[in-house]
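This is what each chain is made of:
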Amino acid sequence: MKQITIILEGFGSTLLLLVRSLSYLPSLPRQRARFIEQCYMIGYTTLPIVAILSFFIGSVLALQAGYAMQNFGAKQFIGSLVGLSMARELGPVMVAILLAGRVGSAITAELASMKVYQEIDALVTMNIPPARMLVMPRLAAVLVMVPVLAIIADLVGWFGGAIVAKYVSFISIEPEGYFSVLRRYMKFGEDVAGGLIKAEIFGFGVVLVCCNIGLNTRGGPREIGAAVTRAVVVSLILILVLDYFVTKALM
Amino acid sequence: MASSTGHTRNPFTEVETPAVGVKLEGLTKSFGDHVVLDNITLSVEPGEIFVLMGPSGSGKSVLLKHIVGLEAPTSGRVLVDGHDATSGETREKVRMAMVFQAGALFNSLTVYDNLALYPREHRVADEAGIKDKVMRALQILSLEDAAKKFPSELSGGMKKRVAIARALVMEPQLMMYDEPTSELDPVMSATISEIIASLKDEYHVTTLVVSHDRELALNIAERVGILMDGKLIFLGKPDELRQPKDEQVAAFLYPKIDLKHPRYKKLET
Ligand SMILES: Nc1ncnc2c1ncn2[C@@H]1O[C@H](COP(=O)(O)OP(=O)(O)OP(=O)(O)O)[C@@H](O)[C@H]1O
Ligand SMILES: [Mg+2]
């Protein structure tokens, strides 16, 4: 029973924070310094790890697909398999998971310590709403940066698949063949754009949830750590649950 | 130069805004079963300096938090200039500043940016004007050299002074200090007392000070309240505190250090 109240409270406070932050959107031009800083934080710091991981995910996809498909002579379709999987599913989900681990945890830690050390209280007495100064710029920044990250993840993943397809002996497909199949069986407007929409929704949700958990922290240093853990766990659950529903809705 | 009209003259812009009063009406606050504030009724007049004293843990900080709207009463109400303190609109209408007991400085900002945050966010002036205000506040508290430092690089007393400077920059109508002198050396304590008194004299700022500092209370307060066990056990002029009649008040203000019969031993038996 208590668990249910906690979950419902979490939903409620998250929605409230969303509405509040959106209502401050018109003041984005005044918050542009913070917006740019957050774009940098979100984009630039997650870029290297997104690139590395998507390269290997693309590669391993090609490897597994090649291994499974060699027996029934379907391995020339590897390009479309890697292309579709990356664009529709793995790119967006991976970007969102990395965002939760790298950015979401940092956001929660920062806001939770501001809460615990009364900096949030100080903002409130100064009549500076935390939603305007701390949350809205982050939400705007994640909306701008996530599509960029997701496109890079797709491209690097496809490229990783192409390299494996060419150099692994039991596959041996030239890049021209790989990419022409990839292009032929993929509708960019639908598959890639659908993936970007998914990434956008996941990223936005992760940042919103992490901000909310941070701002609602109570207690001392130990609770800051607990808040970060909770934020990451809730983000991961959110990503996978949303993944099903958004995927279904986009079909 | 006391303002006879009962108006706050803004120290930097010379704009006059009416001074505000604070009313607590039957304020009761409990955390779970623990009743911290028990039916407190008190009124702080516009432009007054009110000093609230009381033993550690008696609920002084909690009381201040009710006035800025960070805590909501369990029952009773708190009015600032006639507006309910729990409503966000009150903070739009009345400029309130609070010096938190622990400073509550923004750790990711330099001292300068800590002070400049309020005027920047509220677009009080252009960047040059803000610089003037900030440097002036830093100068008043002898903090010019600390402008570029981060809070983590400051001593406890410096943090306290930065917190006071940050509140001064806000040019508040209602100023609250939570133990402003607790970590300061005697000279700096006296300086802070003088600042509090002169702000009131020159600009008619309503001032509420929570403090254990007897000198501060006796010298600058217009009225003093003593909070104990959730109730105001004393409310009156500071002069009445020089020879308090009430035994509890006397024991709180002028505790005797008796080495032959230490208090902690009495507690044990
Ligand atoms: N958020 C809270 N939750 C539960 N109890 C609290 C909370 N805040 C304060 N209290 C309790 O309320 C009481 C009064 O606390 P408060 O901080 O107001 O004391 P104080 O008079 O300011 O003491 P000091 O002089 O040491 O600063 C304490 O017993 C404290 O434990
Ligand atoms: Mg206190």
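In what follows, the accompanying structure is described. It should be emphasised that the depicted structure is a prediction, and the values quoted were computed from it without experimental measurement.

## A look at the overall build of chain B
1) Next: If you tally the helices and strands in chain B, you get nine helices and 12 strands.
2) Next: Computed over its C-alpha atoms, the radius of gyration of chain B comes to 19 Å, within 12% of the 18 Å expected for a compact globule of 269 residues.
3) Next: In terms of overall dimensions, chain B has C-alpha extents of about 65 × 40 × 40 Å along its principal axes.
4) Next: Per-residue burial over chain B gives 52% buried out of 269 residues.
5) Next: Long-range contacts, defined as pairs at least 24 residues apart, comprise 63% of the intrachain contacts of chain B with a sequence gap of at least 6.
6) Next: For chain B, the distance from the average site of its 32 positive side-chain charges to the average site of its 38 negative ones is 2 Å.

## Description of the coordination of the magnesium ion (ligand 2)
1) Next: Distances from the magnesium ion (ligand 2) to its protein donors, S61 of chain B (OG) and Q101 of chain B (OE1), fall within 1.9 to 2.2 Å. With S61 of chain B in helix α1 (residues 60–68) and Q101 of chain B in the loop between β8 (96–99) and α3 (111–121), the pair connects residues that are 40 residues apart, well separated along the chain.

## Here we look at the environment of S189 of chain B
Residue and element names in this part refer to chain B.
1) Next: If you trace the backbone, S189 turns up in helix α6 (residues 186–203).
2) Next: In this structure S189 comes out as buried when scored by relative accessible area, which is 10%.
3) Next: Here S189 is in contact with T181, L184 and D213, once residues within four sequence places are set aside.

## Points about the sheet that holds strand β4 (residues 34–44) of chain B
Residue and element names in this part refer to chain B.
1) Next: If you walk across this open sheet you meet the four strands as β4-β3-β6-β7, and the pairing is antiparallel. Pairing within the sheet leaves two strands with one partner each, and these edge strands are β4 and β7 (83–84).
2) Next: By the bridge criterion, five bridges tie strand β3 (residues 22–31) to strand β6 (residues 75–80) in an arrangement that is antiparallel. Following the sheet pairing, V22 is matched in β6 by V80.

## Some thoughts on the site of ligand 1
All names here are of chain B.
1) Next: Surrounding ligand 1, one finds 14 residues, the nearest of these being S56, G57, K60, S61 and Q101.
2) Next: Residue G59 places a main-chain N or O atom 2.9 Å away from an oxygen atom belonging to ligand 1.
3) Next: Within the complex, 64% of the 640 Å² of free accessible area of ligand 1 lies under protein.
4) Next: Of the residues forming the shell around ligand 1, the biggest block, three residues, is contributed by α1.

## Focus: the interface of chain A and chain B
1) Next: If you look at the interface, chain A gives 17 residues, while chain B gives 21 residues.
2) Next: Between chain A and chain B the total buried area reaches about 1,700 Å² when both faces are included, carbon and sulfur atoms providing 57% of it.
3) Next: On inspection of chain A and its partner chain B, the count reaches two salt bridges.
4) Next: Of the charged contacts, one joins E121 of chain B and R132 of chain A as a salt bridge, the two residues approaching to 3.1 Å between their closest N and O atoms.

## Description of unusual backbone geometry
All names here are of chain A.
1) Next: Unlike most non-glycine residues, Q118 shows phi in positive territory, near 65°.
2) Next: Locating Q118 in the fold gives a position in the loop between α3 (78–116) and α4 (119–125).
3) Next: Backbone geometry at N127 places phi at a positive 60°, although glycine is not the residue there.
4) Next: For N127, the position within the fold is in the loop between α4 and α5 (130–167).
5) Next: A residue is classified by how much of its surface remains accessible, and N127, at 17% relative accessible area, is buried.

## Comments concerning the nonpolar core
1) Next: Core analysis: the biggest nonpolar cluster contains 136 residues, and L24, I67, L115 and M176 of chain B have the highest contact counts within it.
2) Next: Leave out the neighbours within four places in its chain, and I67 of chain B touches V22, L24, V78, V80, A85, M96, L174, M176 and L208 of chain B.

## What to know about the packing of aromatic side chains
1) Next: A full pass over the atoms with the stated rule returns eight aromatic pairs over all chains.
2) Next: Taking the centre distance of 5.2 Å and the plane angle of 90° together, the rings of Y244 of chain A and F245 of chain A count as edge-to-face. Side by side, Y244 of chain A and F245 of chain A carry an identical accessibility label, which is exposed.
3) Next: In textbook terms, an aromatic cluster arises when at least three aromatic residues are bridged by ring pairs, as seen for F55, F56 and F159 of chain A.
4) Next: Positioned above the aromatic ring of F106 of chain B is the side chain of R166 of chain B, whose terminal nitrogen or guanidinium carbon lies 4.7 Å from the ring centre.

## Section: empty space enclosed by the protein
1) Next: In this structure the tally under the stated criterion is one cavity of 30 Å³ or more.
2) Next: Of the volumes computed, that of the largest cavity is approximately 60 Å³.
3) Next: Around the largest cavity sit A122, T125 and M126 of chain A together with M96, A97, M98, F100, A163, R166, A167 and M170 of chain B, which together line it.
4) Next: Along the lines of polarity and charge, the residues of the lining of the largest cavity split into nine nonpolar, one polar and one charged.

## What to know about α1 of chain B
Residue and element names in this part refer to chain B.
1) Next: The buried count for α1 comes to eight of nine residues, which makes it a mostly enclosed element.
2) Next: Listed in full, the buried residues belonging to α1 are K60, V62, L63, L64, K65, H66, I67 and V68.
3) Next: Phi for G69, located one or two positions after α1, is positive at around 85°.

## What about the environment of G47 of chain B?
All names here are of chain B.
1) Next: Mapped onto the elements of the fold, G47 is located in the loop between β4 and β5 (49–53).
2) Next: In this structure G47 comes out as buried when scored by relative accessible area, which is 3%.
3) Next: With residues up to four places along the chain from it excluded, the contact list for G47 reads A19, V20, K200, H204, V205, T206 and E222.

Reading guide: rules and limits
- Residue indices follow the written sequence of each chain, beginning from 1 at its first position.
- Chain labels run from A onward and ligand labels from 1 onward, assigned in the order the entries are written.
- The model is predicted, so local features are restricted to residues of pLDDT at least 70 and side-chain atom pairs to those at 80 or more, both for listing and for counting; the totals for chains, interfaces and linings are taken over all residues.
- Calculation of side-chain values draws on the structure's entire complement of heavy atoms; hydrogens and water are dropped beforehand.
- A run of H or I in DSSP becomes a helix once it reaches four residues, and a run of E becomes a strand once it reaches two; helices and strands are each numbered from the N terminus.
- All radius of gyration figures rest on C-alpha atoms, and the globule criterion is 2.2 Å times the number of residues raised to 0.38.
- Exposure classes here rest on a 1.4 Å probe applied to the protein chains alone. A residue is buried below 20% of its type maximum, exposed above 50%, and partly exposed in between.
- Throughout, a contact is declared for two residues whenever any of their heavy atoms are within 4.5 Å.
- Under the counting rule used here, the positive set is Lys and Arg, the negative set is Asp and Glu, and His together with the chain ends is not counted.
- Charge positions come from single atoms, namely NZ of Lys, CZ of Arg, CG of Asp or CD of Glu.
- Distances up to 2.8 Å from the metal define which N, O and S atoms are donors, and 3.2 Å serves for Na, K and Ca; water is absent from the atom set, so sites may look incomplete.
- Note on pairing: two strands pair once DSSP finds at least 2 bridges between them.
- Throughout, near means a residue has at least one heavy atom within 4 Å of the molecule or strand.
- Whenever a nitrogen or oxygen atom comes within 3.5 Å of another N or O atom, the pair is scored as a polar contact, on the condition that within protein one atom can donate a hydrogen and the other can accept it, and that pairs from neighbouring residues in sequence are kept only if both atoms are in side chains.
- Where accessible areas are quoted, they stem from the Shrake-Rupley method and a 1.4 Å probe; at the residue level, only the protein chains shown are allowed to cover.
- Once two parts are joined, some of their accessible surface, as seen by a 1.4 Å probe, is lost; buried area is that loss totalled over both.
- The rule for a salt bridge is simple: a side-chain nitrogen of Lys or Arg has to be within 4 Å of a carboxyl oxygen of Asp or Glu.
- Joining through side-chain atoms within 4.5 Å is the link that ties buried Ala, Val, Leu, Ile, Met, Phe, Trp, Tyr and Cys residues into a set, and such a set is a nonpolar core.
- In this analysis, rings of Phe, Tyr and Trp, with Trp reduced to its six-membered ring, are considered paired at centre separations within 6.5 Å, and the interplanar angle assigns stacked below 30 degrees, edge-to-face beyond 60, and tilted for intermediate values.
- Over a ring means this: the NZ of a Lys or the CZ of an Arg is within 6 Å of the ring centre and within 35 degrees of the ring normal.
- Put plainly, a pocket is an open set of points on a 1 Å grid over the protein atoms alone with protein on both sides within 12 Å along at least five of seven lines, a cavity is a set where a 1.4 Å probe fits but cannot get out, and a lining residue has an atom within 4 Å of a point.
- Grid points are joined across faces, edges and corners, and a volume is the space filled by probe spheres set on the points.
- Amino acids outside the nonpolar list (Ala, Val, Leu, Ile, Met, Phe, Trp, Tyr, Cys, Pro) and the charged list (Asp, Glu, Lys, Arg) are all regarded as polar, and Gly is one of them.

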